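Spelled out, the chains give:
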Amino acid sequence: MELHTLLNSLHSYNRYLIIVALFWVIFRSWSGWMGKKHYVKADNTASLVLLILAHLQLLLGLIQYFFTSAYTTGGMPISDPWVRYFKMEHISGMILAVVLIQLGRTFAKKAHLHEHKHKKTALYTTAAAIVITAILAMKGLFLGTLASVTG
Ligand code: HEM
């Protein structure tokens, strides 16, 4: 199998694992915060799994971006909507999302109160989920529609 096909498949399937992990962390942190629950080992594990998946996605994405993707490494013009999407919106939005996931975990680790650990995780992870949803929707809805209109 060609390297790009392999990386693209891993990157593509990992999106679903990230979405499941996001839902799980968001559910646990909001219910932990609102329900005044203790921040337990399962909360830490859920947020660690999400962080690892997000970093893996970042690594796969960076390799594709700089070495294998025809959209970002070849001579395709930036006026092409797919090139523009992957060179601009996808990379910037998704890196922002990974940073938000990382910050949520870092601030949660630094917090002393259980309530604050849940709160930091809940707010930053929810913000990351909104960014990821918007960027994926941009590709699926806008570019999908554009492709069917133009060709
Ligand atoms: C949470 C983070 C991310 C998610 C959920 C995500 C999701 C996706 C999805 C669904 C695709 C389409 C794959 C397909 O065609 O089946 C894609 C493609 C791509 N992603 Fe990401 N991505 C993320 C982060 C990143 C980052 C940080 C980068 C760059 C540093 C990146 C670079 C790329 C590139 C270059 C492609 C196009 C591959 C190609 O078709 O040539 N992604 N991503």
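Just so it is clear, the structure is predicted and the values come from calculations on it, not from any experiment. Throughout this description, residue numbers start from 1 for each chain and increase along the sequence as written. Restriction of local features to residues with pLDDT of at least 70 applies here, the model being predicted, together with a cutoff of 80 or more for giving and counting side-chain atom pairs; totals for whole chains, interfaces and linings are based on all residues. Side-chain descriptors were evaluated using all non-hydrogen atoms of the structure, hydrogens and water having been removed beforehand.

### Considering the overall build of the protein
- A tally of helices and strands in the protein yields 5 helices and 0 strands.
- For the purposes of this entry, the term helix denotes a DSSP run of H or I that reaches at least four residues, the term strand denotes a run of E that reaches at least two, and both are numbered from the N terminus. If you list the helices and strands of the protein from N to C, you get α-α-α-α-α.
- Along the first, second and third principal axes, the C-alpha atoms of the protein reach 55 × 30 × 20 Å.
- The buried share among the 151 residues of the protein stands at 36%.
- Across the protein, contacts joining residues at least 24 apart in sequence account for 72% of those joining residues at least 6 apart.
- Reported accessibility uses the Shrake-Rupley method at a 1.4 Å probe radius. Residues are deemed covered only where the shown protein chains occlude them. Accessible area for the protein stands at about 9,100 Å²; split by element, carbon and sulfur atoms hold 72% of it. When a residue's accessible area, from a 1.4 Å probe over protein chains only, is under 20% of the maximum for its type it is buried; when over 50% it is exposed; and in between it is partly exposed. Contacts: residue pairs with any heavy atoms within 4.5 Å of one another.

### Overview of helix 4 (residues 81-110)
- Helix length check: helix 4, at 30 residues, gives a terminal C-alpha distance of 42 Å against a target of 44 Å (1.5 Å per residue), a fit within 8%.
- Where helix 4 bends most, at H90, the angle is about 35°.
- Any pair of N or O atoms that falls within 3.5 Å is considered a polar contact. Within protein, one atom must be able to donate a hydrogen and the other to accept it, and sequence-neighbouring residues count only if both atoms are side-chain atoms. You can read the cap of helix 4 off the contacts: a side-chain oxygen lies 2.8 Å from the backbone nitrogen of W82, and it is on D80. The length a helix should cover is 1.5 Å for every residue beyond the first. Note on bend: at a given residue it equals the angle between the axes fitted to the 7 residues ending there and to the 7 starting there.

### Description of the site of the ligand
- Taken together, the neighbourhood of the ligand is formed by 22 residues, with H4, H11, S12, S69 and H90 sitting nearest.
- A distance of 3.0 Å separates an oxygen atom of the ligand from a polar side-chain atom of S12.
- When contributions to the shell around the ligand are tallied by element, the ones reaching two or more residues are helix 1 (3-34), helix 2 (41-68), helix 4 and helix 5 (114-150).
- Charged means Asp, Glu, Lys or Arg here, nonpolar means Ala, Val, Leu, Ile, Met, Phe, Trp, Tyr, Cys or Pro, and polar covers whatever is left, Gly included. Residue classes in the shell around the ligand are distributed as 11 nonpolar, 9 polar and 2 charged. Any residue with at least one heavy atom within 4 Å of a molecule or strand is counted as near it.

### Concerning the environment of A128
- Within the secondary structure layout, A128 lies in helix 5.
- Residue class for A128 comes out buried when judged on its relative accessible area of 0%.
- With 119 residues separating them in the primary sequence, A128 and S9 have C-alpha atoms 22 Å apart.
- With residues near it in sequence (within four places) discarded, A128 still touches A97, L100 and I101.

### Regarding the side chain of T121
- Of note, T121 is situated in helix 5.
- In this structure T121 comes out as buried when scored by relative accessible area, which is 5%.
- Excluding its chain neighbours within four sequence positions, the residues that come into contact with T121 are V25, S29, Y39, G104, A108 and T126.

### Observations concerning the confidence of the model for the protein
- pLDDT is a per-residue confidence score from the predictor, ranging from 0 to 100. On average, residues of the protein carry a pLDDT of 94, and 95% of them reach 70 or more.
- The secondary structure element of the protein with the lowest average pLDDT is helix 5, at 88, and the one with the highest is helix 2, at 98.

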